[in-house]
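# A look at the structure
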Amino acid sequence: MVESFYLSTIGKVLKWAQSRSLWYISTGTGCCADEVLDAMGCRYDLERFGCLPQVDPRQSDLLIVCGMVSYKAAPHLKRLYDEMLSPKYVLAVGACANCGGPFSPEFSYSVVPGVDQVIPVDVYVPGCPPRPEAIMNGLIALQEKICGQECSRFEIE
Amino acid sequence: MDKNALVSRLNKIIPGGVLETRRFGRSENTSIWIEAQAVQKIAMALKMDTEMKLDWLENLSVVEFEKVFIVTYFLRSLITRHSLVIRASAVPVSPGSEFLFPSVRNIWPMGLPMEEEAEEMFGIVFSLNNETQFQVKVNRLPENWKGFPLRKDYVFPSQFEDITHSRSFNKSNQKKSSL
Ligand code: SF4
């Protein structure tokens, strides 16, 4: 059970600080990892959003899942997520991480159809692979979500 | 290189081992179809052959074609630069079951990872002598995996360790977010 309590003004400041310092750990399970590397690089520079790459799950707030996750990798990803300290967020990058993509369950026996079957996902970034702009957009959507503001949303009935 | 001379040399060492000689697909390469039981002897003869010296197993591939499993060995020589393709076929005793096939990993050690992969994907147990027990080692597929995924009659799993192998677009089967 998750216990929580409400902070009014100081809570807003905390959330603002949290959303502007999303240190992340990135799992390069698929080819989308290249695109995340591009976004980290000097041209797109993810660090200006306050994102710092980490190697330790305990020091990171955000887990970026880049690409397909196989059934063999799924328990390790789950363990990585469990080792992160709360509050923690997950960004699923690419069609594979969202729903299986080209490795959808009809065509592949070994790829998990969507990483949200293993760990909870906060923001989905579509594309195969998504451009670095799209990844940055997903990150801004996550920041807005943390701050409690309305973000662009697309729902399928 | 004269392939006919090679085949007659092989026929002398292992009578009845070579079934036929064919062009390999559209390539210039020759492929030799051999008897499955004679694989080890022929492999040894090819490695020791003074003219060919095929000392390198470049690739080992398996294909299922109309319920027959065809094992193809792509051989090459680092000394004489010759290359050769040998093929052998086998039929499982009953559909869906594992079966034994002679291994060449003592002759070309680089065949070991390829044989292990074929073992997991197709359920062909490569054994050094035919008394080996059936037991497929698992190191590429997840543990507790059932079936041989690259066989034609393989049915995709509906569920694997509480992960459903299907995608529905309602939110009921998704894990709840921490937010
Ligand atoms: S979504 Fe496309 S680019 Fe990304 S991991 Fe899947 S196949 Fe690769």
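Read on for a plain summary of the structure. Residue positions are counted from 1 within each chain, in the order its sequence is given. Chain A is the first chain written and ligand 1 is the first ligand written, with later ones labelled in order. In keeping with the model being predicted, local features are shown solely for residues with a pLDDT of at least 70 and side-chain atom pairs are shown and tallied solely at 80 or more, while totals for entire chains, interfaces and linings include all residues. Note that water and hydrogens are dropped before the side-chain values are worked out from all heavy atoms of the structure.

## With respect to the pattern of salt bridges
Salt bridges are identified by distance alone: a Lys or Arg side-chain nitrogen within 4 Å of an Asp or Glu carboxyl oxygen. Evaluation of the coordinates by the stated rule reveals eleven salt bridges over all chains. Here Glu83 of chain A and Arg79 of chain A are joined by a salt bridge, their closest N and O atoms 3.4 Å apart. With Glu83 of chain A and Arg79 of chain A both in helix 3 (residues 74-83), this residue pair falls four residues apart, about one helical turn. Relative accessibility decides the category of a residue: with a 1.4 Å probe and only protein chains considered, values under 20% of the type maximum give buried, values over 50% give exposed, and everything between is partly exposed. Overall, the relative accessible area of 56% leaves Arg79 of chain A in the exposed class. Residues participating in the shared-partner salt-bridge network are Arg9, Asp49 and Glu51 of chain B. Helix and strand assignments follow DSSP, with helices taken as H or I runs no shorter than four residues and strands as E runs no shorter than two, numbered in order from the N terminus.

## Structural notes on the state of the cysteines
Residues and elements named next belong to chain A. By convention in this document, the label disulfide applies to cysteine sulfur atom pairs within 2.5 Å. Going through the model one piece at a time under the given rule, you end up with zero disulfides over all chains. The thiol of Cys99 is unpaired, and the distance to the nearest cysteine sulfur, on Cys96, comes to 8.0 Å. Look at Cys99 and you get partly exposed, because its relative accessible area is 25%.

## Observations concerning the sheet that holds strand 4 (residues 123-125) of chain A
Residues and elements named next belong to chain A. The criterion for strand pairing is that DSSP finds at least two bridges linking the strands in question. Pairing is parallel across the open sheet formed by four strands, whose spatial order is 1-2-3-4. Every interior strand has two partners, whereas the edge strands, strand 1 (24-28) and strand 4, have only one. Here the average twist between neighbouring strands, direction ignored, is 15°. As defined by bridge partners, strand 1 adjoins strand 2 (residues 62-66) across five bridges and the pair is classed as parallel. Each residue of the ladder has a partner; that of Ile25, found in strand 2, is Leu63. It only takes one pair of heavy atoms within 4.5 Å for two residues to be counted as in contact. Angles shown run from 0 to 180 degrees and are taken between the N-to-C directions of axes, each axis being a line fitted to C-alpha atoms and, for helices, limited to the stretch in contact. Each of strand 2, strand 3 (89-93) and strand 4 is contacted by helix 5 (residues 132-147), which is oriented at about 165° to strand 4, the strand it contacts most.

## Re a nonpolar patch on the surface
Residue and element names in this part refer to chain B. A contiguous nonpolar surface patch, about 300 Å² in accessible area, is contributed by Trp56, Leu78 and Ile79. You can see Ile79 is positioned in the loop between strand 4 (68-76) and strand 5 (83-90). For Ile79, a relative accessible area of 56% puts it in the exposed group. For patch detection, residues must exceed 30% relative accessible area and be free of salt bridges, and they are connected within 9 Å for like charges or within 5 Å for nonpolar side chains (Val, Leu, Ile, Met, Phe, Trp, Tyr). Residue exposure ignores everything except the shown protein chains as possible cover, and the areas themselves are Shrake-Rupley values with a 1.4 Å probe.

## Quick look at the site of the ligand
In the region of the ligand, the neighbouring residues are Cys31, Cys32, Gly67, Met68, Gly94, Ala95, Cys96, Pro102, Gly127, Cys128 and Pro129 of chain A. When residues are grouped by polarity, Ala, Val, Leu, Ile, Met, Phe, Trp, Tyr, Cys and Pro land in nonpolar, Asp, Glu, Lys and Arg in charged, and all others, Gly among them, in polar. Considered class by class, the residues forming the shell around the ligand number eight nonpolar, three polar and no charged. Nearness here has a simple test: a residue counts as near a molecule or strand if at least one of its heavy atoms is within 4 Å of that partner.

## A few points about the sheet that holds strand 4 of chain B
What holds strands together in a sheet is hydrogen bonding between their backbones, with the strands either parallel or antiparallel. Residue and element names in this part refer to chain B. Judged by pairing direction, the sheet is mixed, and its five strands sit side by side in the order 1-2-5-4-3 without closing on themselves. Here the strands that pair on one side only, and so sit at the sheet edges, are strand 1 (18-23) and strand 3 (56-65). Each strand of the sheet is rotated relative to its neighbour by a mean of 20°, with strand direction disregarded. When strand 2 (residues 30-34) meets strand 5, the two strands line up parallel, connected through three bridges. Its bridge partner lying in strand 5, Trp33 is registered against Arg87. Contacts between helix 2 (residues 39-48) and the sheet are confined to strand 1, strand 2, strand 4 and strand 5, with strand 5 contributing the most and set at about 175° to the helix.

All we've got here are geometric facts, nothing functional implied.
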